[in-house]
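Chains, contacts and geometry: an overview
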Amino acid sequence: MAALRNLIQTSCYGKIVSACGLQLKGCASEFSHAWCRNKTSGFAATTPAENTVELLGKLYPSDNYSNVTKKIISKVGKNLHNQRNHPLWLIKERVKDHFYKQYMGRFRTPLFSVYDDLPPVVTVEQNFDRLLIPQDHPSRKKGDNYYLNCTHMLRAHTSAHQWDLMHSGLDAFLLVGDVYRRDQIDCTHYPVFHQMEGVRLFSSHELFSDVRGGESFSLFEQGHRTQHKQAMHTMEAVKLVEHSLKRALTQLVVHLFGNAGAENRIGWAFGLGLERLAMILYGIPDIRIFWSEDERFLKQFRVPHIHQKVLFQPFSKYPPVINNISFWLPSEKYSQNDFYDLVRTIGGDVVENVSLIDEYTHPKTKRVSHCYRITYRHLERTLTQKEVSSIHQSIEESTVQELGVEGRF
């Protein structure tokens, strides 16, 4: 269960935007199912000039917010979750299949519509403002996101599309897509990963129609409603929505993992990370493997039906090559994610792990020094110390030039 808690994070205790763009108090989101409506997207391009970024057929002017790298741009448009027989596609299809069978509309058609090909470039307003995320919220930091410029970015979560879909009149849908975040480097973190989320909105009739005395219940307390915020939901409404969400997630977990049981423990969370699910279900040890085009990996997931059990078989475990890098931090603000992003850009997927192994403050000057251990390991062949040394030297030089550090190497 501890592993499952890392997979599922809930909006039950947070906030979600309603079809009117208003904040809903309490639990107002639920997972369910739908027929699939795909939208087409383009594919990643290159950066034609230093002052612009071309992506999905559009040009974006660069400014002091721009921090997306060519390495990240090369991942845009891959859409692993839509590549048939890829493990992420299998997970997506299994979740869809569950909701198709569990949730039906009035005419026995799927209740939930599915959107799994929405373009990942969104506005800052879509990613933050429309979800009522404050201007000073730390989740907006450049250090944690990939910005094309001050107005456009690569989505940090699939929730960036919620407002638009709800304003189109939808009240039950699933969202699937690749999302982008600057993060640490290890076997469970990657700057591009895939999310799947669901939204379910209830009218008063839908929520209370099967409840004895439901005609006397209301969705909202007698309270103040503003342009940006709804009135407080009634306790009856919150309890019913909470029960609906809990039932949906319990059924999904049993569908994917079997009836494991939590015995005398309690917990709640929601928000599916497809990589985390696939790593547990299929025994995949390293998140980089999802991007492998090695036939020895891909053929393991060509199964006759989506529910067939698959246990990943390592096709080889090549030895690591480990090098350290240490430097004095600049006097101005330093972000570890800037360093991780630089290492990823230069080393690519041969970098398996980067960990801070020592932090030293000089007793007199108060200057701070960091020492990082970088583990290099290729997924498909043995690396030589000579080629690793070349990569490592490039990282050292770029760290000095781009981050303004003083090397201790």
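Before reading further, recall that the structure is shown in the block above.
The rules behind the values
Residues numbered from 1 in each chain as written. Predicted model: local features only at pLDDT ≥ 70, side-chain atom pairs only at ≥ 80, totals over all residues. Heavy atoms only, no water. Salt bridge = Lys/Arg side-chain N within 4 Å of Asp/Glu carboxyl O. Phe/Tyr/Trp six-rings, centres within 6.5 Å; stacked < 30°, edge-to-face > 60°. Helix = DSSP H or I, 4+ residues; strand = E, 2+ residues; numbered from the N terminus. Buried < 20%, exposed > 50% of the residue type's maximum accessible area, 1.4 Å probe, protein only. Lys NZ or Arg CZ within 6 Å of the ring centre and 35° of its normal. Expected span 1.5 Å × (residues − 1). Polar contact = N/O pair within 3.5 Å; in protein donor to acceptor, adjacent residues only side chain to side chain. Core = buried A, V, L, I, M, F, W, Y, C linked by side-chain atoms within 4.5 Å. Pairing = 2+ DSSP bridges. Contact = heavy atoms within 4.5 Å. Axes fitted to C-alpha atoms, helices over the stretch in contact; angles between N-to-C directions.

**Overview of the pattern of salt bridges**
Going through the model one piece at a time under the given rule, you end up with 19 salt bridges. Counted as one network, the salt bridges with shared partners bring together K92, E93, K96 and D116.

**Brief notes about the packing of aromatic side chains**
If you walk through the whole model with that rule in mind, you get 16 aromatic pairs. Centroid distance F339 to Y372: 4.5 Å. Interplanar angle 35°. Geometry classified as tilted. Here F339 is found in helix α10 (residues 336-347), whereas its partner Y372 is found in strand β13 (residues 368-376), with 33 residues between them in sequence. Y372 matches F339 in its accessibility class, with the two residues each being buried. Judged by centre distance (6.3 Å) and plane angle (85°), the ring pair of Y340 and Y372 falls under edge-to-face. Separated by 32 residues along the polypeptide, Y340 in helix α10 and Y372 in strand β13 bring together distant segments of the chain. By the burial criterion, Y340 is buried, and Y372 matches it. These aromatic residues form a ring-pair network of at least three members: Y282, F297, F301, F312 and F315. Taking the ring centre of Y190 as reference, the NZ or CZ of R344 above it sits at 5.4 Å.

**Things to note about α10**
Between its first and last C-alpha atoms α10 spans 16 Å; for 12 residues at 1.5 Å apiece the expected length is 16 Å, and the two agree. For α10, the set of buried residues is N337, F339, Y340, D341, L342, V343, R344 and G347. Near the N-terminus of α10, the side chain that reaches the backbone nitrogen of N337, with its oxygen 3.2 Å away, is that of S335. Of the residues trailing α10, G348 is marked for its positive phi of about 60°.

**Examining the nonpolar core**
Formed by 51 residues in total, the largest nonpolar core has its most connected members in L55, V68, L154, Y282, I284 and F290. Sorting the residues of this core by element identifies β3 (52-55), α2 (70-73), α3 (87-102), β8 (172-180), β9 (192-200), α7 (235-257) and α8 (274-282) as the ones contributing at least two each. Counting residues per element, this core draws most heavily on α3, which supplies 6 residues. Listed in part, the 21 residues of the second largest apolar core include V343, V351, V388 and L403.

**Here we look at the sheet that holds β13**
Backbone hydrogen bonds are what pair the strands of a sheet, in a parallel or an antiparallel way. With respect to topology, 4 strands assemble into an open sheet ordered β12-β13-β11-β14, the strand pairing being antiparallel. Of all the strands in the sheet, just β12 (351-361) and β14 (406-407) have a single pairing partner and so form its edges. As defined by bridge partners, strand β11 (residues 321-328) adjoins β14 across 2 bridges and the pair is classed as antiparallel. Along β14, the bridge assignment pairs W328 with E406. Packed on one face of the sheet, α10 meets β11, β12 and β13 and runs near 145° to β12. Sheet strands touched by helix α11 (residues 385-403): β11, β13 and β14. Its angle to β11, the strand with the most contacts, is close to 15°.

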